[in-house]
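# Descriptive structure summary
Listed below, chain by chain, are the residues.
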Amino acid sequence: MNITILGIESSCDDTSAAVIENGYMLSNKTANQQVHKDYGGVVPELASRAHQQNIIPVVDAALKEAGKSLQDINAIAYTRGPGLMGALLVGSSFAKGLALSLQVPLIDVNHLLAHILSVFLSRKENQVPVPAFPFLCLLVSGGHTQLVVMKDHLTMEIIGQTIDDAAGEAFDKCAKVMGLPYPGGPLIDRYAKQGNPERFSFSKAMVQDLDFSFSGLKTSFLYFLRDRLKEDPNFISGHNDDLCASIQKAIIDSLTHKLLKAVKKTGIKEIALAGGVSANSGLRDAVKQLGKQHQWHVYIPEIQYATDNAAMIAITGYYKYINHQFSSQHVTPLVRSDHF
Ligand code: KG4
Ligand code: ZN
């Protein structure tokens, strides 16, 4: 029998739906919300409203691309959190209503676990190598930065995490200071390709063990620019690419420093990179390079599965389905990851 899962993601500013059959992707459709561009960040109220508008068309499009009807769906997986409460409520209420009307099981999904399982995503005709357990994942998103040991598909052990800002936040906040629109991470990536990463240096935070910190970097970048702008009001535009390359290097160095430490500590050489920041070309290259140097096996999701998407929710739903981990109609969204 086929196991066909409909996945729904609505934790932040992407409304997404996907269909996975027997662990392989059939479709993955996302509506990005443009309404936040003018505000320099995601406006929760506007995000909820846009999810409400987008969710039915996105689910329809995902089913259509998969060549499936609602009657083919065996279970509905949705993001329980972490994320914005109003945004999560739209996806979870929709998933609950649909599961009830189709009389199929409901599966609640931890968005962070889903990011990690994005390395298992592929189409049947285009399969990718997948990590063996246990593997170590550097999870870098807009809200989280963690080092996680995955013992099986559903068991995470967090061995390090940020004590303040996430890596994605560091990218976005530094971009904002430079006057770039939200989200700045992809723009820094783009400009950094033409810049000199050694042009400016920013000190790395000293944090215990396998934890990370990025708030000091953001502040030192802010003060650095303030001082330079006093001397030259065109400093940012005159050095745009070098600034992007240098700040990107500082963030990547902090991440890879702790990743190396984690490999040393755990002895694990199956290494995954996941989360929105894993779309960063500099970080992808740096981790691949380290993999070559240290004989690691490195697994990085395709760019389309790195940032928020419902395919990762559906694949997590698939593993929960085969492990009989279902959810009830009474389960409520969770805003924070430490509530899981
Ligand atoms: O995982 P994600 O899509 O959403 C969360 O769960 O947070 O991650 C979004 C974050 C944003 O901070 C965005 O700027 C960052 O990922 N990001 C990037 C790139 N693409 C997305 N950061 C650096 N370089 C990129 N290419
Ligand atoms: Zn995410």
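Reading guide: rules and limits
Residues numbered from 1 in each chain as written. Chains lettered and ligands numbered in written order. Predicted model: local features only at pLDDT ≥ 70, side-chain atom pairs only at ≥ 80, totals over all residues. Heavy atoms only, no water. Helix = DSSP H or I, 4+ residues; strand = E, 2+ residues; numbered from the N terminus. Rg over C-alpha atoms; globule rule 2.2 N^0.38 Å. Buried < 20%, exposed > 50% of the residue type's maximum accessible area, 1.4 Å probe, protein only. Contact = heavy atoms within 4.5 Å. Lys, Arg positive; Asp, Glu negative; His and termini not counted. Charge placed at Lys NZ, Arg CZ, Asp CG, Glu CD. Domains from an automatic or database assignment. Buried area = accessible area lost by both parts, 1.4 Å probe. Salt bridge = Lys/Arg side-chain N within 4 Å of Asp/Glu carboxyl O. Nonpolar A, V, L, I, M, F, W, Y, C, P; charged D, E, K, R; others polar. Polar contact = N/O pair within 3.5 Å; in protein donor to acceptor, adjacent residues only side chain to side chain. Axes fitted to C-alpha atoms, helices over the stretch in contact; angles between N-to-C directions. Parallel < 35°, antiparallel > 145°, perpendicular 65-115°, else oblique. Left-handed = near helix turned anticlockwise from the far one by under 90°. Donors = N, O, S within 2.8 Å, 3.2 Å for Na, K, Ca; no water.

Quick look at the overall build of the protein now. The secondary structure content of the protein amounts to 11 helices and 10 strands. Here the C-alpha atoms of the protein give a radius of gyration of 20 Å, agreeing with the 20 Å that 2.2 N^0.38 yields for 340 residues. Each principal axis of the C-alpha atoms in the protein carries an extent, and together these give about 65 × 45 × 35 Å. Counting the 340 residues in the protein, one finds 54% classified as buried. Counting contacts in the protein only where the partners sit at least 6 residues apart, residues at least 24 apart contribute 73% of the total. With 31 positive and 32 negative side-chain charges, the protein shows a spacing of 3 Å between the two charge centroids.

Bringing the domain arrangement of the protein into the picture now. Split by domain assignment, the protein resolves into domain 1 (4–121 + 305–339) and domain 2 (135–300). Centre-to-centre separation of domain 1 and domain 2, based on C-alpha positions: 27 Å. Around 1800 Å² of area is buried between domain 1 and domain 2 when both sides are counted, 76% of it from carbon and sulfur atoms. For the domain 1 face of the interface with domain 2, the top three residues by lost area are Leu 112, Ile 116 and Val 119, together amounting to 31%. Here domain 1 and domain 2 share 0 salt bridges between them. Secondary-structure elements contributing two or more residues to the side of domain 1 that touches domain 2 are helix 3 (111–117) and helix 11 (311–322). Residues of the side of domain 1 that touches domain 2, tallied by class, amount to 10 nonpolar, 9 polar and 3 charged.

With that settled, consider the environment of Arg 123. Tracing the backbone shows Arg 123 in the loop between helix 3 and strand 6 (135–140). The class for Arg 123 is partly exposed, based on a relative accessible area of 28%. As a C-alpha pair, Arg 123 and Tyr 24 span 99 residues in sequence and 5.1 Å in three-dimensional space. The contact partners of Arg 123, leaving out residues within four places of it in the chain, are Tyr 24, Met 25, Leu 26, Ser 27 and Glu 65. A polar atom in the side chain of Arg 123 sits 3.2 Å from the backbone oxygen of Leu 26. Among the polar contacts listed, one links the side chain of Arg 123 to the side chain of Glu 65, at a separation of 3.4 Å.

So, about the packing of helix 4 (residues 167–177) against helix 8 (residues 240–266). Remark: helix 4 packs on helix 8, axes separated minimally by 11 Å, with the N-to-C direction vectors making an angle of 165°. The orientation of helix 4 with respect to helix 8, classified from their angle, is roughly antiparallel. Between helix 4 and helix 8 lies a crossing of right-handed hand. For the pair formed by helix 4 and helix 8, the contact residues are Ala 167, Ala 170, Phe 171 and Cys 174 on the first element and Ile 247, Gln 248, Ile 251 and Leu 255 on the second.

At 2.0 to 2.1 Å from the zinc ion (ligand 2) lie its protein donor atoms, namely His 111 (NE2), His 115 (NE2) and Asp 308 (OD). All donors to the zinc ion (ligand 2) come from one chain, and their sequence spacing reads H-x3-H-x192-D. Of this pair, His 111 sits in helix 3 while Asp 308 sits in the loop between helix 10 (303–306) and helix 11, placing them 197 residues apart in sequence. With a relative accessible area of 6%, His 111 lands in the buried category. By relative accessible area, Asp 308 is classed as buried at 17%.

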